[in-house]
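Report on the structure
Take a look at the letters that make up each chain.
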Amino acid sequence: MTTFVDRVELHVAAGNGGHGCASVHREKFKPLGGPDGGNGGRGGDVILVVDQSVTTLLDYHHSPHRRATNGKPGEGGNRSGKDGTDLVLPVPDGTVVLDKQGNVLADLVGQGTTFVASQGGRGGLGNAALASARRKAPGFALLGEPGQAGDVVLELKTVADVALVGYPSAGKSSLISVLSAAKPKIADYPFTTLVPNLGVVTAGSTVYTIADVPGLIPGASQGKGLGLEFLRHVERCSVLVHVLDTAALESERDPLSDLDVIEAELAQYGGLGDRPRLVALNKVDVPDGQDLADIIRPDLEARGYQVVEVSAVSRHGLKELSFALAKIVAAARAAKPQEEATRIVIRPKAVDDAGFKVVAEDGFYRVVGEKPERWVHQTDFNNDEAVGYLADRLARLGVEEALVKAGARSGDEVVIGATDDAVVFDWEPTITAGAEMLGRRGEDHRFEAPRPAAQRRRDRDAERDDAEAEYDAFNPF
Ligand SMILES: Nc1nc2c(ncn2[C@@H]2O[C@H](COP(=O)(O)OP(=O)(O)OP(=O)(O)O)[C@@H](O)[C@H]2O)c(=O)[nH]1
Ligand SMILES: [Mg+2]
């Protein structure tokens, strides 16, 4: 028997962005030809895509660690690094993606539905892209950002239109085998079916899927038998079929009380109350079975059930059953809001949050926000110019002002980031009165003549816009 795996924990890591390159164009007799370091490539994403030919999560059970490739670093001569390759992981139709706390991140239904489980890091800008009117020859480049990494839980909820429920050995798998081309295991001992079987039924112009679940017994909701765990697979169905055994030999059982038991267990599981029900009285090929069916049929109909007498052995009533189900399925489909035929791409939140906050903690100040945290990751702390550029960016965002407001003093400890990989500084404010006069870091005075203050301010504004625009153009999300 093939193993059926319907829940796995998957560890995904997107690729890191490639580092930007700091390089200066060199030619004979032209030693400072300008910066020409290219940008690093994007890290690959890890993407889940529904592929209807995939039926289990088994692959991910065997190899739960999946990683996309890194972006390549930029090179001199304005050569950009190659982007990392996205890692596309095919998953069965109906896969639910959850975080480790059990929150649903995405419900993937329909061929081609896509979920970006972790996003690749952006490549770092090379020094060519960082150059501006004011900073003509940056001696540094930005580092690539790390790709997102984390754990997701994948849970399979089979997408079947019709679900067969009933006691063990009622004949659920037998009915699937005669209604569809599926060949499930059938035997006269209880719990033959250990995992749901799925079949495709064609009735007239309606094609639908039918699934069974392992047999239910009294106390299934307390974990008796195989429990209710597999009912997850019938949650999406549009009709439930009670398969009742009219030929059961046990004296304390009869189809009506079987039905009550199953209903009570379904109620314990919850969420299936609104689904239409149909009763299939199975095994009417057995003479006693037909007699019993005749007796209980009026009772069931009085309770409001649509009843079909069937036999998986003699094939009696199969056509009636398959068309009755087709009618309910077609009606359910018509009632449902038109399902998105297009590809749904669900992405984690884009990094476009301009905000940050400064929190005074025990003996230090913490800066939390997407941008400051990202910028820290982009900074090569061995390069003073790169650190200066970071300080300028932080100051421009207003981080320094906010620190001053929060009461931070020169020399205080400042932590950027909320996570373990946060960066710790001894804070040296760069915006003090008159700092403007000193010139900013990352500038090379060999390239420029002194300019009047108004010109300087205009240049600074233009540079700020340039850098952000370039950055956004390079990193579309
Ligand atoms: N006479 C007769 N026997 C049947 C009929 N349908 C199923 N059976 C027999 O009943 C037994 C159980 O059938 P299964 O299809 O395995 O029953 P199930 O409901 O899938 O049982 P579990 O998987 O254990 O929950 C087998 O021996 C079948 O051959 C029928 O219509 N008539
Ligand atoms: Mg079975």
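Everything numeric here is computed off the predicted structure, so don't read it as measured data.

What follows deals with the sheet that holds strand β16 (residues 357-361). Pairing is mixed in the open sheet, where 4 strands are placed in the order β16-β17-β18-β19. Every interior strand has two partners, whereas the edge strands, β16 and β19 (423-426), have only one. Neighbour to neighbour, the strand axes of the sheet diverge by 25 degrees on average, direction disregarded. In this structure, strand β17 (residues 364-368) lies alongside strand β18 (residues 413-416), joined through 3 bridges in parallel fashion. Note on β18: the bridge partner recorded for arginine 366 is valine 415. The strands touched by helix α9 (residues 399-406) are β16, β17 and β18; relative to β17, the strand with the most contacts, the crossing angle is about 145 degrees.

Close approach of charged atoms lets side chains of opposite charge pair. The full count for this structure, using the stated rule, is 19 salt bridges. For glutamate 235, the salt bridge is made with lysine 157, and the minimal N-O distance between the two is 2.8 Å. Placement of glutamate 235 in the loop between β11 (206-212) and β12 (239-245) and of lysine 157 in the loop between β8 (149-156) and β9 (162-165) is noted, with a sequence separation of 78 residues between them. On the accessibility criterion, lysine 157 (18% relative accessible area) is buried. For arginine 297, the salt bridge goes to glutamate 309, with nearest N and O atoms at 3.1 Å. Linking arginine 297 in helix α5 (residues 287-302) with glutamate 309 in strand β14 (residues 306-309), this pair joins segments that are 12 residues apart in sequence. Arginine 297 gets classed as partly exposed once you look at its relative accessible area, which sits at 24%. For glutamate 309, a relative accessible area of 11% translates into the label buried. Within the structure, one salt-bridge network assembled from shared partners comprises Arg7, Glu155 and Arg232.

A separate point is the coordination of the magnesium ion (ligand 2). Looking at the magnesium ion (ligand 2), one finds its protein donor set to be Ser173 (OG) and Thr193 (OG1), positioned 1.9 to 2.1 Å from the metal centre. Separated by 20 residues along the polypeptide, serine 173 in helix α3 (residues 172-179) and threonine 193 in the loop between α3 and β10 (198-203) bring together distant segments of the chain.

Note: strands within a sheet are paired through backbone hydrogen bonds, in either parallel or antiparallel orientation. Sheet architecture is open: 5 strands sit in the order β3-β1-β8-β5-β6, paired in mixed fashion. Single-partner strands in this sheet number two, and they are β3 (65-67) and β6 (104-108). Looking at each pair of strands side by side, their axes are set apart by 25 degrees on average, direction ignored.

Okay, the site of ligand 1 next. Residues in contact with ligand 1 amount to 24 residues; listed here are only the nearest, Ser169, Lys172, Ser174, Asp285 and Ala312. Separating an oxygen atom of ligand 1 from a side-chain N or O atom of asparagine 282 is a distance of 3.2 Å. One nitrogen or oxygen atom from the side chain of lysine 283 is found 3.1 Å from an oxygen atom belonging to ligand 1. Contact with the protein chains removes 86% of the 650 Å² of surface that ligand 1 exposes when unbound.

Turning next to the UniProt feature "binding site: Mg(2+)" (unreviewed entry) in the protein chain. Mapped onto the present numbering, the UniProt feature "binding site: Mg(2+)" (unreviewed entry) falls on Ser173 and Thr193. In summary, the annotated positions, though distributed over 21 residues, converge in three dimensions, the widest C-alpha pair being only 7.5 Å. Relative accessible area serves as the criterion here: at 8%, serine 173 is assigned to the buried category. A relative accessible area of 10% means that threonine 193 is categorised as buried. Reaching out from threonine 193, the side chain makes a polar contact with the side chain of serine 173 at a distance of 2.7 Å.

Before going further, it helps to examine the confidence of the model for the protein chain. Averaged over all residues, the pLDDT of the protein chain is 84; the fraction at 70 or higher stands at 84%. Under a pLDDT of 50 for its full length, residues 472-477 has, in the predicted model, 11 contacts with residues more than four places off or in other chains.

Per the stated rule, a full pass over the model turns up 2 aromatic pairs. Summarising the aromatic geometry, the rings of phenylalanine 140 and tyrosine 389 are spaced 5.2 Å apart at their centres and angled 45 degrees between planes, so their arrangement reads as tilted. Note that phenylalanine 140 is positioned in the loop between α2 (127-130) and β8 and tyrosine 389 in helix α8 (residues 384-397), a separation of 249 residues in sequence. The pair phenylalanine 140 / tyrosine 389 is uniform in exposure class, with both members buried. Ring geometry for phenylalanine 381 against phenylalanine 425: centres 6.0 Å apart, planes inclined by 55 degrees, an arrangement best described as tilted.

Moving on to the nonpolar core. In terms of nonpolar packing, the biggest core is built from 27 residues, with Val162, Leu175 and Leu325 touching the most fellow members. With 7 residues, helix α6 (residues 318-335) is the single largest residue contributor to this core. Other than its neighbours up to four places away in sequence, leucine 175 contacts Leu164, Val243, Asn282, Val310, Ala312 and Leu318. In terms of nonpolar packing, the next biggest core, distinct from the first, is built from 19 residues, Leu10, Tyr60, Phe115 and Leu154 among them.

Of all the residues in α9, the buried ones are Val399, Glu400 and Leu403. The buried residues of α9 all sit within an arc of 100 degrees when viewed along its axis, so they share a single face. Structurally, α9 contributes buried residues whose contacts are with β16, β17, α8 and β18. At the C-terminal side of α9, glycine 407 shows a positive phi close to 105 degrees.

Thresholds, definitions, all that
Residues numbered from 1 in each chain as written. Chains lettered and ligands numbered in written order. Predicted model: local features only at pLDDT ≥ 70, side-chain atom pairs only at ≥ 80, totals over all residues. Heavy atoms only, no water. Pairing = 2+ DSSP bridges. Helix = DSSP H or I, 4+ residues; strand = E, 2+ residues; numbered from the N terminus. Axes fitted to C-alpha atoms, helices over the stretch in contact; angles between N-to-C directions. Contact = heavy atoms within 4.5 Å. Salt bridge = Lys/Arg side-chain N within 4 Å of Asp/Glu carboxyl O. Buried < 20%, exposed > 50% of the residue type's maximum accessible area, 1.4 Å probe, protein only. Donors = N, O, S within 2.8 Å, 3.2 Å for Na, K, Ca; no water. Near = heavy atom within 4 Å. Polar contact = N/O pair within 3.5 Å; in protein donor to acceptor, adjacent residues only side chain to side chain. Areas by Shrake-Rupley, 256 points an atom, 1.4 Å probe, with all protein chains shown as cover. UniProt positions renumbered as here; feature names shortened; annotations may be inferred. pLDDT = per-residue confidence, 0-100. Phe/Tyr/Trp six-rings, centres within 6.5 Å; stacked < 30°, edge-to-face > 60°. Core = buried A, V, L, I, M, F, W, Y, C linked by side-chain atoms within 4.5 Å. Arc of directions from axis to C-beta.

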